[in-house]
Structures are given as structure tokens and as C-alpha cells.
Amino acid sequence: MTAVDPSVRRPHPSSRCAHKDAALSRAFDFLGRRWNAALLGALEPGPAGFRELSRMIDGISDSVLSNRLSCLAGVGLIVRDVDAGPPVSVSYALTPAGQALMPALGQIAVWASEHLDP
């Protein structure tokens with residue numbers, strides 16, 4: 001049996017729970033913004049350009065698409081790649097952090113299909 005060193009302070013279980021709740025709240029606040037999850041899903045198969053993304057996501061305006069792409073790039077979920085060309089072309093792709101998120105989003109989609117009314 002190992003003795004517990006009383007000088008080592010461990011976080012109280014409720015503080016660990018609060019930390020986890022805060023992290024989930026931040027994640028859902030960000031991913032719950034309209035179009036963010038749709039954009040990530042559209043980029044899952046591979047890189048795409050602005051016009052291609054605009055056609056893939058019905059109903060998104062160019063200004064909102066531009067804003068959401070900047071937001072997703074700002075938090076490190078996608079990367080903007082500029083090819084000097086000619087002609088100059090810009091594409092967007094998931095970063096490793098964005099790719100790591102996709103299985104979780106897929107599981108949330110499965111859960112929603114099974115448990116939430118359309």
C-alpha cells in the first residue's frame with residue numbers, strides 16, 4: 001500500500017467537474033455558431049476554395065463565409081493556403097486540430113439523428 005503525501009494538493013472533484021463543464025461550454029459556444037460545424041464538415045474530405053465552399057453550403061452569404069473562415073483559422077481549426085499561381089488561388093483545409101475534432105462531430109451527429117427530433 002502506498003502512503004499519500006499530505007503536502008500534495010489535488011484538485012477537488014467539483015473543481016475538475018467545473019473545469020470540464022467550462023471547456024464543454026466554450027466548445028459548444030464556438031461550434032454552435034451558425035455555419036462553423038457545416039464549414040468543418042465541408043472541409044473534411046479535403047481542401048476547398050471559397051467559391052466551392054459557397055456552393056457546398058446552401059444559404060451562407062459571402063460576407064458570413066469570409067467571417068467564419070477567418071474565425072476558424074483564428075482558432076487553428078483550418079488553414080488558409082495561398083498559391084501564387086498564376087492564377088492566384090486560395091484554398092482552405094483542416095489543420096490537425098480540425099481533423100482531430102471530426103470524429104467527435106461525427107458522433108454528435110449520430111447521437112442527434114438517433115435522439116433528437118428533426
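In this report, the structure presented in the accompanying data block is examined. (Residues numbered from 1 in each chain as written. Predicted model: local features only at pLDDT ≥ 70, side-chain atom pairs only at ≥ 80, totals over all residues. Heavy atoms only, no water.)

## Here we look at the environment of Ile57
Piece 1. Residue position: Ile57 is located in the loop between α3 (50-56) and α4 (62-74).
Piece 2. Ile57 sits 16 residues away from Gly41 along the chain, and the two C-alpha atoms are 10.0 Å apart.
Piece 3. Residues contacting Ile57, with those up to four places away along its chain left out, are Trp35, Ala38, Leu39 and Ala42. (Helix = DSSP H or I, 4+ residues; strand = E, 2+ residues; numbered from the N terminus. Contact = heavy atoms within 4.5 Å.)

## What about unusual backbone geometry?
Piece 1. The omega torsion of the bond from Gly85 to Pro86 falls at 10°, within 30 degrees of zero and hence cis.
Piece 2. As for its position among the elements, Pro86 is in the loop between β2 (78-83) and β3 (89-94).
Piece 3. Along the chain, Pro86 connects to Pro87 via a cis peptide bond; the corresponding omega equals -10°.
Piece 4. Mapped onto the elements of the fold, Pro87 is located in the loop between β2 and β3.
Piece 5. You will see that Trp35, though not glycine, has its phi angle at about 85°, which is positive.

## Side note on the pairing of β2
Piece 1. Here β2 runs beside β3; their pairing, made up of 6 bridges, is antiparallel. In the sheet register, Ile78 faces β3, and the bridge partner there is Leu94. (Pairing = 2+ DSSP bridges.)

## Overview of helix α2 (residues 36-43)
Piece 1. Regarding α2, the residues found buried are Asn36, Leu39, Leu40, Ala42 and Leu43. In an axial view of α2, the angular spread of the buried residues amounts to 160°, which keeps them on one side of the axis. (Buried < 20%, exposed > 50% of the residue type's maximum accessible area, 1.4 Å probe, protein only. Arc of directions from axis to C-beta.)

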